[in-house]
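Tertiary structure, described
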Amino acid sequence: LTTPRLHYPEGLAEGASVRLEGPRAHYLAHVLRLRPGARLWLFNDEDGEWAATLAALGRQSATLELGRQVRAAAAETGPVLHFVPFRRNRLDWLVEKAVELGVARLVPILTERTVVKLENPARLRAIAVEAAEQCGRLTVPELADPVPFGNWLAARDSSRKLLFADEGGGAPIATALAEAGQPDLLTGPEGGFTERERTLLLRADGITGVTLGSRILRAETAALAALAVWQAICGFAAESP
Ligand code: SAM
């Protein structure tokens, strides 16, 4: 059984004592069923990962004693994924998979054919934390606030390369990734991009349309596939010594 990992956003330092209250304490005692003396890892984006020991368990509280740092803080080598929000259960699934696949940041874009609101970002952020704890990464990607397509396109940093998954055609994604360094990604909504949106994207500096093959993929499939290919071509290369 692997040592449990907990994302703990407050400061972590050698010898510190950490007190967890409420749901986090309940999770240790009743979900992980840990007892005093149990070992854990605590991590956050700024401080990296630290060894910890469960020192005491109360009804709704837990006290952890920190030992030494086991991994220095490290950003995740992954793209920013821009996606158009879609139905809740599939979106929950995509956020979890994107975190496992090393996404650096998640940016919801509102296009003309957006059909759902991002009604509960707190739930998605909790899913991102759990996925980060499970997969061993040291950061929890930020889920940005939704931004309308036009505002996003006008404000984006055109020096950053971006590949947009274009079901209308484009370069094979593997070829584009091999040429583009470590670009960001954009996938569309269930109803696709409008012709107007596609034209604006194809005209924009730094943006390239790419195909994911001849089949029409669901929005969440396209995002997952693009992330997996990104890691296979850009990610491991960046991580391997
Ligand atoms: N135009 C699609 C249709 O005719 O059903 C609707 C959009 S598709 C369900 C959702 C999104 O996934 C698209 O906007 C695109 O970003 C991406 N996508 C799906 N299949 C793709 C493919 N073969 N190549 C590139 N992107 C694709």
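Summarised in this report is the structure supplied together with it.

What counts and what doesn't
Residues numbered from 1 in each chain as written. Predicted model: local features only at pLDDT ≥ 70, side-chain atom pairs only at ≥ 80, totals over all residues. Heavy atoms only, no water. 1 Å grid on protein atoms, 1.4 Å probe; cavity = no way out; pocket = protein on both sides within 12 Å on 5 of 7 lines; lining within 4 Å. Points joined across faces, edges and corners; volume = space filled by probe spheres on them. Helix = DSSP H or I, 4+ residues; strand = E, 2+ residues; numbered from the N terminus. Nonpolar A, V, L, I, M, F, W, Y, C, P; charged D, E, K, R; others polar. Pairing = 2+ DSSP bridges. Axes fitted to C-alpha atoms, helices over the stretch in contact; angles between N-to-C directions. Core = buried A, V, L, I, M, F, W, Y, C linked by side-chain atoms within 4.5 Å. Buried < 20%, exposed > 50% of the residue type's maximum accessible area, 1.4 Å probe, protein only. Contact = heavy atoms within 4.5 Å. Phe/Tyr/Trp six-rings, centres within 6.5 Å; stacked < 30°, edge-to-face > 60°. Lys NZ or Arg CZ within 6 Å of the ring centre and 35° of its normal. Left-handed = near helix turned anticlockwise from the far one by under 90°. Salt bridge = Lys/Arg side-chain N within 4 Å of Asp/Glu carboxyl O.

**Considering the layout of surface pockets**
Each pocket or cavity is described by its volume, and for the largest pocket that value is around 360 Å³. Around the largest pocket, the lining comprises 22 residues; the ones closest to its centre are Glu167, Ile216, Leu217, Arg218 and Ala222. For the lining of the largest pocket, the element with the most residues is helix α7 (residues 219–239), which contributes 3 residues. Here the residues of the lining of the largest pocket sort into 8 nonpolar, 8 polar and 6 charged. The space that makes up the second largest pocket amounts to roughly 270 Å³. Around the second largest pocket sit 11 residues that line it, and Thr2, Pro4, Arg5, Tyr27 and Leu32 are the ones nearest its centre. If one sorts the elements of the lining of the second largest pocket by residue count, helix α3 (residues 121–135) sits on top with 3 residues. For the lining of the second largest pocket, the per-class residue count stands at 5 nonpolar, 3 polar and 3 charged.

**Points about the sheet that holds strand β2 (residues 17–21)**
The strands that make up a sheet are held in pairs by hydrogen bonds between backbone atoms, and each pair lies either parallel or antiparallel. One open sheet accounts for 5 strands, arranged β1-β3-β4-β5-β2; its pairing is mixed. Single-partner strands in this sheet number two, and they are β1 (5–7) and β2. Averaged over neighbouring strand pairs, the angle between their axes works out to 40° when direction is ignored. Pairing geometry for strand β3 (residues 39–44) and strand β4 (residues 48–57), over 6 bridges, is antiparallel.

**Some thoughts on the nonpolar core**
With 34 residues, the main nonpolar core has Leu81, Leu106, Leu124, Leu163 and Leu185 as its most contacted residues. Elements that contribute at least two residues to this core include exactly β6 (80–83), α2 (88–100), α3, α5 (173–180) and α7. Discounting residues that sit within four places of it in the chain, leucine 106 has contacts with Leu81, Phe83, Val95, Ala98, Glu142, Leu143 and Ala144. Ranked by size, the runner-up nonpolar core spans 17 residues in total, among them Leu12, Ala25, Leu42 and Leu54.

**Some points on the packing of aromatic side chains**
Under the defined criterion, the tally for this structure stands at 2 aromatic pairs. The lysine or arginine in question, arginine 5, covers the ring of phenylalanine 43, its NZ or CZ lying 3.9 Å from the ring centre.

**Digging into the packing of α2 against α3**
Packing of α2 against α3 brings their axes to within 8 Å, and their N-to-C directions diverge by 35°. Between α2 and α3 lies a crossing of right-handed hand. Contacts between α2 and α3 pair Arg88, Leu91, Asp92, Val95, Glu96, Val99 and Glu100 from the former with Arg123, Leu124, Ile127, Ala128, Ala131, Ala132, Gln134 and Cys135 from the latter. Residues that form the contact of α2 with α3 fall into these classes: 9 nonpolar, 1 polar and 5 charged.

**What about the pairing of β2?**
Only one face of β2 is covered, namely the face carrying Val18 and Leu20; the face carrying Ser17, Arg19 and Glu21 is uncovered. Where β2 and strand β5 (residues 61–71) come together, 5 bridges link them in antiparallel fashion. For leucine 20, the partnering residue across the bridge sits in β5 and is alanine 62.

**A few points about the pattern of salt bridges**
Under the criterion given, the structure shown has 16 salt bridges. Of the charged contacts in the structure, one is a salt bridge between arginine 71 and glutamate 49, with a shortest N-O distance of 2.8 Å. Here arginine 71 is found in strand β5, whereas its partner glutamate 49 is found in strand β4, with 22 residues between them in sequence. Of the charged contacts in the structure, one is a salt bridge between arginine 123 and aspartate 92, with a shortest N-O distance of 2.6 Å. In this pair, arginine 123 is assigned in helix α3 and aspartate 92 in helix α2, connecting sequence segments 31 residues apart.

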